[in-house]
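Okay, here's what each chain looks like letter by letter:
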Amino acid sequence: MYRITLIPGDGTGPEITEAARRVLEATGVGFEWDIQNAGEDVYEQEGTPLPERVLESIRRNRVAIKGPVTTPVGTGFRSVNVTLRQTLDLYSCVRPCKTYKGAKTRYEDIDLVIFRENTEDLYAGIEFQKDSGGAKAIIDTVRKISGRVIRQDSGISIKPISVFGTERIVRAAFEYARKNRRRKVTAVHKANIMKFSDGLFLEVAREVARKYPDIEFEDKIIDNMCMQLVQKPGLYDVLVLPNLYGDIVSDLAAGLVGGLGLAPGANIGDEYAVFEATHGSAPKYKGLNKVNPLAVILSGVMMLRHLGETEAADRLDNAVASVIEEGRDVTYDMKPAPDDPGAATTSGVADAIISRIT
Ligand code: NAD
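Just so we're clear, the structure is a prediction, and the values are computed from it rather than from any experiment. (Residues numbered from 1 in each chain as written. Predicted model: local features only at pLDDT ≥ 70, side-chain atom pairs only at ≥ 80, totals over all residues. Heavy atoms only, no water.)

**Student:** Whenever I open this one, the domain arrangement of the protein confuses me. Can you help?
**Tutor:** How big an interface is tends to be stated in terms of the accessible area lost upon association of its parts. Here the protein is described as being made up of domain 1 (1–95 + 263–358), domain 2 (106–119 + 161–257) and domain 3 (121–158). Computed from C-alpha coordinates alone, the two centres of domain 1 and domain 2 are separated by 25 Å. Carbon and sulfur atoms make up 49% of the surface buried where domain 1 meets domain 2, a total of about 1,200 Å² over both sides. Among the residues domain 1 hides against domain 2, the three largest losses belong to Y91, C93 and R95. Together they make up 51% of the total. Summed over the shared surface of domain 1 and domain 2, the result is 2 salt bridges. With a closest N to O distance of 2.7 Å, D89 and R168 form a salt bridge. At the level of elements, α4 (80–87) and β4 (92–98) are the ones that each hand at least two residues to the side of domain 1 that touches domain 2. At 4 residues, the largest contribution of residues to the side of domain 1 that touches domain 2 is made by β4. Classifying every residue of the side of domain 1 that touches domain 2 by side-chain character gives 5 nonpolar, 4 polar and 3 charged. (Domains from an automatic or database assignment. Buried area = accessible area lost by both parts, 1.4 Å probe. Salt bridge = Lys/Arg side-chain N within 4 Å of Asp/Glu carboxyl O. Helix = DSSP H or I, 4+ residues; strand = E, 2+ residues; numbered from the N terminus. Nonpolar A, V, L, I, M, F, W, Y, C, P; charged D, E, K, R; others polar.)

As structure tokens, then:
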């Protein structure tokens with residue numbers, strides 16, 4: 001029996017995590033769910049979108065599955081997702097993107113795994129509002145130490161990239177490659193422009209790569225990488241990226257394999273792991289039993305593998321693959337036209353998967 005923290009999230013989160021809970025239970029693996037609400041509603045009731053009890057639950061259980069949580073743009077509370085990743089030091093964001101037969105895609109046989117650094121870079125959350133004391137102090141200091149002028153009416157976000165942070169994410173990518181018999185790791189950066197942040201990322205990545213002579217290593221500049229992924233995704237295998245590029249390229253790669261509804265993910269540290277879809281809370285569909293639960297269900301497959309339940313993970317993955325291949329019990333986003341009257345509901349997809357789990 002595994003005790004797992006279940007965070008339903010907000011928007012469409014509760015519907016899709018319920019679907020995931022049902023299919024995970026149908027594998028026959030024993031779960032006891034420690035349900036912990038977080039997000040918008042919790043913010044109104046408890047004054048914080050991420051109460052300490054949620055973090056304590058994950059620390060206790062070590063593994064969590066999570067629905068998406070809305071982040072207000074510009075104002076309001078800070079991102080629950082970013083805070084969770086930073087507080088629990090979930091430094092690897094792992095996002096596999098592979099084509100399932102029957103899914104609407106431009107390419108067949110895509111099988112990419114993205115390792116996004118999850119704690120540093122422009123996501124570090126070190127920001128200074130325009131006209132604040134902090135922004136003014138930075139503008140003054142930068143002028144003093146470098147002679148460079150930042151306009152007075154600037155808002156400022158800091159981009160830290162460390163040797164420590166880079167070493168461990170690149171190592172995680174190579175370890176994954178070795179364990180899963182992958183042939184190549186590609187480090188993605190903009191070191192030609194940001195010489196001391198992305199440049200350091202590249203330098204450290206090269207050093208780590210030397211310890212893995214059995215796996216091919218290359219690097220690509222982020223803009224070129226985006227073009228290459230659209231044109232020749234088959235050339236790539238495992239990608240390792242700083243936080244922001246990793247975020248953007250994950251959505252690009254999700255688009256290559258049939259959309260966000262099919263892109264699972266995991267946030268993994270040395271102590272804890274939180275499994276969640278790449279997509280957000282899709283709030284306009286909240287309560288409609290309409291959106292695709294497959295991304296969070298496939299995150300559940302990753303969770304089973306993490307728990308060592310390989311055989312159950314394979315059975316669930318095969319059931320998902322069979323539903324996709326048949327193409328009948330899939331949601332609107334996987335139908336030839338989004339207004340297809342035959343589109344399945346969120347819970348209907350879960351039912352179809354459950355009926356196919358052997
Ligand atoms: P989104 O991922 O919610 O939606 C982007 C597009 O994809 C929308 O058209 C949406 O309808 C569609 N989509 C998303 N999930 C889908 C699914 N399961 N099935 C079918 N279609 C799906 O991105 P957004 O609109 O930019 O963000 C909404 C909110 O989610 C924001 O507040 C954002 O901060 C938050 N967010 C949270 C997470 C997380 O919890 N990890 C991740 C990304 C965004």
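Resuming the write-up.
**Student:** Just to check I follow, could you spell out helix α9 (residues 243–256) for this structure?
**Tutor:** Each full turn of the α-helix corresponds to 3.6 residues, which orients residues three or four apart in the same direction. Counted at 1.5 Å a residue, the expected span for α9 with its 14 residues is 20 Å, and the 20 Å between its end C-alpha atoms agrees. Every buried residue of α9 is accounted for by N243, Y245, G246, V249, S250, A253, A254 and L256. Buried residues of α9 fall within an arc of 165 degrees about the axis and therefore sit on the same side. Residues of α9 that are buried make contact with β4, β5 (111–117), β8 (184–189), α7 (198–210), α8 (222–231) and β10 (238–241). Looking at the residues trailing α9, positive phi occurs at G258, about 120 degrees. (Expected span 1.5 Å × (residues − 1). Buried < 20%, exposed > 50% of the residue type's maximum accessible area, 1.4 Å probe, protein only. Arc of directions from axis to C-beta. Contact = heavy atoms within 4.5 Å.)

**Student:** Sorry if this is basic, but what is going on with the sheet that holds β10 here?
**Tutor:** Hydrogen bonding along the main chain pairs the strands of a sheet, whether they run parallel or antiparallel. Spatial ordering of the open sheet is given by β2-β1-β3-β12-β11-β4-β5-β10-β8-β9, a layout of 10 strands whose pairing is mixed. Because the sheet does not close on itself, it has two edges, and the strands there are β2 (31–35) and β9 (216–221). Adjacent strand axes in the sheet meet at a mean angle of 25 degrees, parallel and antiparallel pairs treated alike. Judged from the 3 bridges that link them, β4 and strand β11 (residues 266–268) form a sheet pairing that is antiparallel. Across the sheet, residue C93 finds its bridge partner in β11, namely N267. Contacting β3 (63–66), β4, β5, β11 and β12 (273–276), α4 runs over the sheet at an angle of about 155 degrees to β12. (Pairing = 2+ DSSP bridges. Axes fitted to C-alpha atoms, helices over the stretch in contact; angles between N-to-C directions.)

**Student:** I tried to follow the nonpolar core on my own but got confused; where do I start?
**Tutor:** The nonpolar side chains of soluble globular proteins are, as a tendency, buried together. F31, I65, F115, V240, M303, L316 and I353 are the most contacted members of the largest nonpolar core, which has 67 residues in total. With 9 residues, helix α10 (residues 294–306) is the single largest residue contributor to this core. Composition of this core by domain shows at least three residues from each of domain 1 (1–95 + 263–358) and domain 2 (106–119 + 161–257). (Core = buried A, V, L, I, M, F, W, Y, C linked by side-chain atoms within 4.5 Å.)

**Student:** What exactly am I supposed to notice about the state of the cysteines here?
**Tutor:** Such a bond, covalent and formed between the sulfur atoms of two cysteines, is termed a disulfide. In the structure shown here, the tally under the stated rule is 0 disulfides. Of all cysteine sulfurs in the structure, the one in C93 sits closest to C97, which takes part in no disulfide; the separation is 10 Å. Judged by relative accessible area, which is 1%, C97 ranks as buried. No disulfide involves C226; its nearest neighbouring cysteine sulfur is the one of C97, lying 13 Å away. (Disulfide = S-S within 2.5 Å.)

**Student:** Where do I start with the side chain of Q228 in this structure?
**Tutor:** Within the element layout of this structure, Q228 appears in helix α8. Not counting the four nearest positions on each side in its chain, Q228 is found in contact with K220, P233, L235 and Y236.

**Student:** Explain α4 here, please?
**Tutor:** Taken together, the buried positions of α4 are occupied by V80, N81, V82, L84 and R85. The secondary structure elements touched by the buried residues of α4 are α3 (52–61), β3, β4, β5, β11 and β12. Phi for D89, located one or two positions after α4, is positive at around 55 degrees.

**Student:** So what exactly am I meant to see when it comes to the site of the ligand here?
**Tutor:** Lining the immediate environment of the ligand, one finds 20 residues, of which V69, T71, G280, A282 and N292 sit closest. The side chain of E276 places a nitrogen or oxygen atom 3.0 Å from a nitrogen atom of the ligand. N292 is positioned with one of its backbone polar atoms (N or O) 2.9 Å from a nitrogen atom of the ligand. Residues belonging to the shell around the ligand are distributed by class as follows: 8 nonpolar, 8 polar and 4 charged. (Near = heavy atom within 4 Å. Polar contact = N/O pair within 3.5 Å; in protein donor to acceptor, adjacent residues only side chain to side chain.)

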